[in-house]
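If you want the building blocks of each chain, they are given just below.
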Amino acid sequence: VIAATSCGDGTGPTFGVTGLTIGTPLTETVSRGGAKRYSVPVTPGAAYQVSLTGLTDDVDLHHFGANTGFSSPSFCLVSRTMVLDTESEACTAIATGSTVYIGVDASRATGSSVTYTIAVQGVPVTALTLSSPLEQSITQGESKVYTVALTPGTRYSASITGLTDSAVAFGM
């Protein structure tokens, strides 16, 4: 959610952005219909997960990547955002810049305010070798990121086998 207000003096609107630190959760409250904006310094090319937990009402997580204007959502490798009610939300992505921008939108809240905890965690990246299977496990809500060196113009296939529950794989 982006709101613009004319200040009448040519300087344009201003809005507060709260700084976050990787690995340090922050509990916040936002009024119904309001929004909060966050920034967190990251290492370009690194994987991270932004999560909202402990929701007391419906808020939505918006990942803007390196977009300082909070105007264009950015791609999540694994996305569990825009979920209804008080279910946790999360986005796993690769940093394209040195700062990531995040929004929390309370326009769907039914109560007067919503309390939640926002956290940003680094996600380890595991390097794979072509044609070498890797046995792994993952817990509910967890994300894992893998890389593999490929030759441009060559076709490849990837698979996940031996599942004991549902999982989703995304390629870039």
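Criteria and cut-off values
Residues numbered from 1 in each chain as written. Predicted model: local features only at pLDDT ≥ 70, side-chain atom pairs only at ≥ 80, totals over all residues. Heavy atoms only, no water. Phe/Tyr/Trp six-rings, centres within 6.5 Å; stacked < 30°, edge-to-face > 60°. Helix = DSSP H or I, 4+ residues; strand = E, 2+ residues; numbered from the N terminus. Buried < 20%, exposed > 50% of the residue type's maximum accessible area, 1.4 Å probe, protein only. Polar contact = N/O pair within 3.5 Å; in protein donor to acceptor, adjacent residues only side chain to side chain. Contact = heavy atoms within 4.5 Å. Pairing = 2+ DSSP bridges. Axes fitted to C-alpha atoms, helices over the stretch in contact; angles between N-to-C directions. Core = buried A, V, L, I, M, F, W, Y, C linked by side-chain atoms within 4.5 Å. Disulfide = S-S within 2.5 Å.

> I tried to follow the packing of aromatic side chains on my own but got confused; where do I start?
Each pair of aromatic rings is reported with the distance of its centres and the angle of its planes. Taken as a whole and assessed by the stated rule, the structure comprises two aromatic pairs. Relative to F70, the ring of F64 has its centre 5.5 Å away and its plane inclined at 75°; by these criteria the two rings are edge-to-face. Where F70 meets Y101, the ring centres are 5.5 Å apart and the plane angle is 80°; that geometry is what we call edge-to-face. Residue F70 is found in the loop between β5 (60-65) and β6 (78-80), and its partner Y101 is found in strand β8 (residues 99-105); the two are separated by 31 residues along the sequence. Taking relative accessible area as the criterion, Y101 reaches 15% and is therefore assigned buried. Among the aromatic side chains, those forming a connected cluster through ring pairs are F64, F70 and Y101.

> Quick question: what am I supposed to make of the side chain of T92 here?
Within the secondary structure, T92 is located in strand β7 (residues 89-94). The exposure class of T92 is buried, given its relative accessible area of 1%. Here Q49 takes part through its side chain, which lies 3.4 Å from a polar atom of the side chain of T92. The contact partners of T92, leaving out residues within four places of it in the chain, are Y48, Q49, C76, L77, V78, V123, S143 and V145.

> In this structure, what is going on with the sheet that holds strand β4 (residues 47-53)? I would like to understand it.
In a beta sheet, neighbouring strands pair by backbone hydrogen bonds and run either parallel or antiparallel. Taken together, the five strands give an open sheet; going across it, the order is β2-β9-β4-β7-β6, and neighbouring strands pair in antiparallel fashion. Strands with a single pairing partner mark the edges of an open sheet, and in this sheet they are β2 (26-31) and β6. For this sheet the average axis-to-axis angle between neighbouring strands, irrespective of direction, equals 20°. Both β2 and strand β9 (residues 113-123) contribute to a ladder of six bridges, which runs antiparallel. Across the sheet, the residue bridging to T27 is T117, located in β9.

> Would you explain the nonpolar core in this entry?
Side chains of nonpolar character tend, in soluble globular proteins, to be buried together. Among the nonpolar cores identified, the biggest contains 24 residues, and L52, V59, I102, Y116 and I118 are the most heavily contacted of them. Ignoring any residue separated from it by four or fewer positions in sequence, one finds I102 in contact with L20, K36, R37, Y38, V40, V50, L61, H62, F64, F70, I118 and V120.

> Can you walk me through the state of the cysteines in this structure?
Covalently bonding the sulfur atom of one cysteine to the sulfur atom of another cysteine gives a disulfide. Overall, the coordinates contain one disulfide when judged by the stated rule. The side chain of C76 participates in a disulfide bridge whose partner is C91; the two sulfur atoms lie 1.9 Å from each other. In this structure the cystine formed by C76 and C91 twists about its S-S bond by roughly -105°; its chirality is therefore left-handed. Placement of C76 in the loop between β5 and β6 and of C91 in strand β7 is noted, with a sequence separation of 15 residues between them. The two residues C76 and C91 agree in class, both being buried.

Taken by themselves, the reported measurements are silent on function.
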